[in-house]
Amino acid sequence: MYFAKEMLEQSSTLRKKWEDEVKRGLEKRAELKERFSTVSDLEINRLYGPEDIKDMDFEKDISYPGQFPYLRGNQVTGHRGRLWTFRMFSGFGTAKDTNERWHQLLKAGQTGLSTAFDFPTLMGYDTDDPKARGECGKCGVAIDTLEDFMQLVEGIPMDQITTSMTINPPATALWAMYCAAAEIKGIPLSKIGGTIQNDMLKEFIAQKTLMCPPKPSVKLISDTVEFGTKHVPRWNTISISGYHIREAGSTAVQELAFTLRDGMEYVEDVLERKGLDIDEFAPRLSFFFNAHIDFFEEIAKMRAARRIWAKAMRDRYKAKDERSWWMRFHTQTAGCSLTAQQPYNNVVRTATEALSAVLGGTQSLHTNSLDEVWCLPSDFAVDIALKTQQVIAEETGVTNTIDPLAGSYYVEALTNQMEEEAWDYIHRIDDMGGMVAAIEKGFPQMEIADAAYKFQHQIDSAEKIMIGVNKYVTDEVQEIPLLEIEDRVETEQIERLNALRRKRDSKAVKRCLDDLKNACKKEENVMPFCIEAVKNLVSMQEICDVYREVYGEFQDPAMY
Amino acid sequence: MAERKLRIMVAKPGLDGHDRGARILARCFRDAGYEVIYTGCHQTPEQVAAAAIQEDVDCVGLSCLSGAHRFLFPAVVELLKEQGADDITVIGGGIIPAADIQFLYDAGLKGVFTPGITLEDIIKWINENISLKG
């Protein structure tokens, strides 16, 4: 029991008195709402007290930072010892444009890089593919070949700066380019650090960057985990992501449950397929969460995530190394909480969301820019977003002590409740035969669709409020400068690609592609073949086309 | 004879996977009593036009949040026109900057919907502005 019996008795008496007074008060004046709930529609009590967390076990459930179950953080000194990485997601136009933005961000005090690719790159198409028309450089940087990639990392100290790449189906090809670029610069693979998102399960569930069916997609991911474990030990070969699940309209509990169950699916595949020991690769698994607008729900979610993962890794997968028990995660503030209307209000939303991520113990953070509803961020907007993190880190004092909200009746009760509800989902998915099977049934997709639909109705009926959307609406339009990607970007990129196709050694290209195809057919690890291919200027789509040919293409099943 | 229901296709042209809005709309149209066809993500304009003709819809609702609407939306209108299907009304929505709205109307879209509109208002607009094909 978490509290002494006498204290609980005392609390019970005093609570009774308070409840009587509340009852009298309500007769005079009703509360502002009949029902109070989080943005995920989790009902919240009027008050939390000792009785709400009385069943907790201090050692098993709370403990200390750096101690199981890591509720209070992985590191013994929390953010006092090391701040989170300020990692702004950026990329637009050509590799050269993005390289300039990166240098500007590093100069402004950013401590890690994070790459946004354009839609053709994300989907495994070169800029000159008919499907890529009109999309080049719009949502991120266009990368077709190693030549583009070398321009992207021009002047970046790859042995000092870690780089995250948000890339999924073509992750093997893009990571191969990073590895090849490092080798060309004379930096050994053992010295480079970073992350590839490389989480396909959440693509089927939420983000829909699709290429091959679920099973071969998971195989390619296990290839990267194996290659990283053996050759690129400082690389996080997967960033198991809840961010997109949440953006697609899930609740916080669904984000928590589906993300962690995805993680378990990857762990199980690597154990079975590659025969690695859990402690060889688990320490490099990383996570990525959304920080939505409901402050305490987000903090509880992140604290619960650490505790669930620690338990799963120790008890379910028998990991022995404590680093395997740690859940390390990046956080991005919620794009879907931002509004196109009155865009300056987004600065405030992002600041509170960032604060929740910090109090939730994140290791890395991207803060959205105020204009991100409309377009890729302008220099002006991205600067405010980065400085939002700097203000939180260096002015507010919230990092003075570790996990300051621990012991809060509300936060601990909410953390427990979210953990419990997440385990319910995890067990349901276990019963379906795992996440791939659940996805094939459409289970997580439809759970999210239901939540998104409900939320939209709550917005339309103003049961949930978004300022400037359904309350305090003004006709006045706040003009903000929008970053425009000119059409010349596409023309120039296609010209570059054509020139490269003419000058490269076409025999070597063919040989590399044949070798890769054979590796796919023989279930060998594709990574060495990808690295060889990109060095010979094989394009990203050419690699992906091999996967499409061998593994088949997956179409969005269009469920709603 | 009972009047037939409005047939509407919700389509996601281009490589954009932001389908939260499209899927909510598909469900909302179904609840409003329309016959709904949802294409899913990653359709080329050619695929969208072909599907609209094959499904004999009254209206195509295009959704795009990637910034490629200036290319994709007019392409669908043109392809329908080329194939003699300009009696299919094309509407669209997503993250459309104010400066592009007139451009899309000029390109032949009959309605352009931007953030902040309610599901109810969209249904009302459709009921008032889209008639069943002859």
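Peer 1: Explain the nonpolar core here, please?
Peer 2: A general tendency of soluble globular proteins is for nonpolar side chains to be buried together. With 191 residues, the main nonpolar core has L174(A), C530(A), V60(B) and V76(B) as its most contacted residues. Apart from the residues lying within four places of it in its own chain, the contact partners of V60(B) are M9(B), A11(B), V48(B), A52(B), V76(B), I88(B) and V90(B).

Peer 1: Just to check I follow, could you spell out the interface of chain A and chain B for this structure?
Peer 2: Interface size is commonly expressed as the accessible area that is lost once the parts come together. The interface is formed by 31 residues belonging to chain A together with 29 residues belonging to chain B. For the side of chain A that touches chain B, the secondary-structure elements that each account for two or more residues are α5 (119–123) and α19 (443–460) of chain A. With five residues, α19(A) is the single largest residue contributor to the side of chain A that touches chain B. Residue composition of the side of chain A that touches chain B, grouped by class: 17 nonpolar, seven polar and seven charged.

Peer 1: How do you make sense of the packing of helix α2 (residues 45–54) of chain B against helix α3 (residues 69–82) of chain B when you look at a structure like this?
Peer 2: Geometry of a packed helix pair, given as the angle between the helix axes and the separation of the axes. All names here are of chain B. Contact geometry of α2 with α3 gives a least axis separation of 9 Å together with a crossing angle of 45°. With respect to α3, the element α2 is oriented oblique. By crossing handedness, the relation of α2 to α3 is classed as right-handed. Along the contact surface, α2 presents P45, E46, V48, A49 and A52, while α3 presents L72, A75, V76, L79 and L80.

Peer 1: Just to check I follow, could you spell out the packing of helix α21 (residues 506–521) of chain A against helix α22 (residues 527–535) of chain A for this structure?
Peer 2: All names here are of chain A. Relative to each other, α21 and α22 sit at 165°, their axes nearing to 9 Å. If you check the angle between α21 and α22, you find them roughly antiparallel. Here the hand of the crossing between α21 and α22 comes out left-handed. Across the interface between the two elements, C512, L513, D515, L516 and A519 from α21 touch F529, C530, E532 and A533 from α22.

Peer 1: Any chance you could explain the pairing of strand β2 (residues 35–38) of chain B here in plain terms?
Peer 2: Each regular strand displays side chains that alternate between the two surfaces of the sheet. Residues and elements named next belong to chain B. Sheet topology places strand β1 (residues 7–11) next to β2; four bridges connect them, and they run parallel. In the strand pairing of β2, R7 is matched with E35. Of the crossover connections in this fold, the one passing from β1 over helix α1 (residues 20–31) to the parallel β2 is right-handed.

Peer 1: In this structure, what is going on with the sheet that holds strand β3 (residues 59–64) of chain B? I would like to understand it.
Peer 2: Within a beta sheet, neighbouring strands are joined by backbone hydrogen bonds and run either parallel or antiparallel to one another. All names here are of chain B. Spatially, five strands are ordered β2-β1-β3-β4-β5 in an open sheet, and the strand pairing comes out parallel. In the strand order of this sheet, the two ends are held by β2 and β5 (111–113), each with one partner. Taken over all neighbouring pairs, the strand axes of this sheet differ in orientation by 20° on average, direction set aside. Direction of pairing for strand β4 (residues 89–94) relative to β5: parallel, over a ladder of three bridges.

Quick notes on the rules
- Residues numbered from 1 in each chain as written.
- Chains lettered and ligands numbered in written order.
- Predicted model: local features only at pLDDT ≥ 70, side-chain atom pairs only at ≥ 80, totals over all residues.
- Core = buried A, V, L, I, M, F, W, Y, C linked by C-beta atoms within 7 Å.
- Buried ≥ 20, exposed ≤ 12 C-beta atoms within 10 Å, placed from the backbone.
- Contact = placed C-beta atoms within 7 Å.
- Helix = DSSP H or I, 4+ residues; strand = E, 2+ residues; numbered from the N terminus.
- Nonpolar A, V, L, I, M, F, W, Y, C, P; charged D, E, K, R; others polar.
- Axes fitted to C-alpha atoms, helices over the stretch in contact; angles between N-to-C directions.
- Parallel < 35°, antiparallel > 145°, perpendicular 65-115°, else oblique.
- Left-handed = near helix turned anticlockwise from the far one by under 90°.
- Pairing = 2+ DSSP bridges.
- Right-handed = clockwise from strand over helix to strand, strands pointing away.

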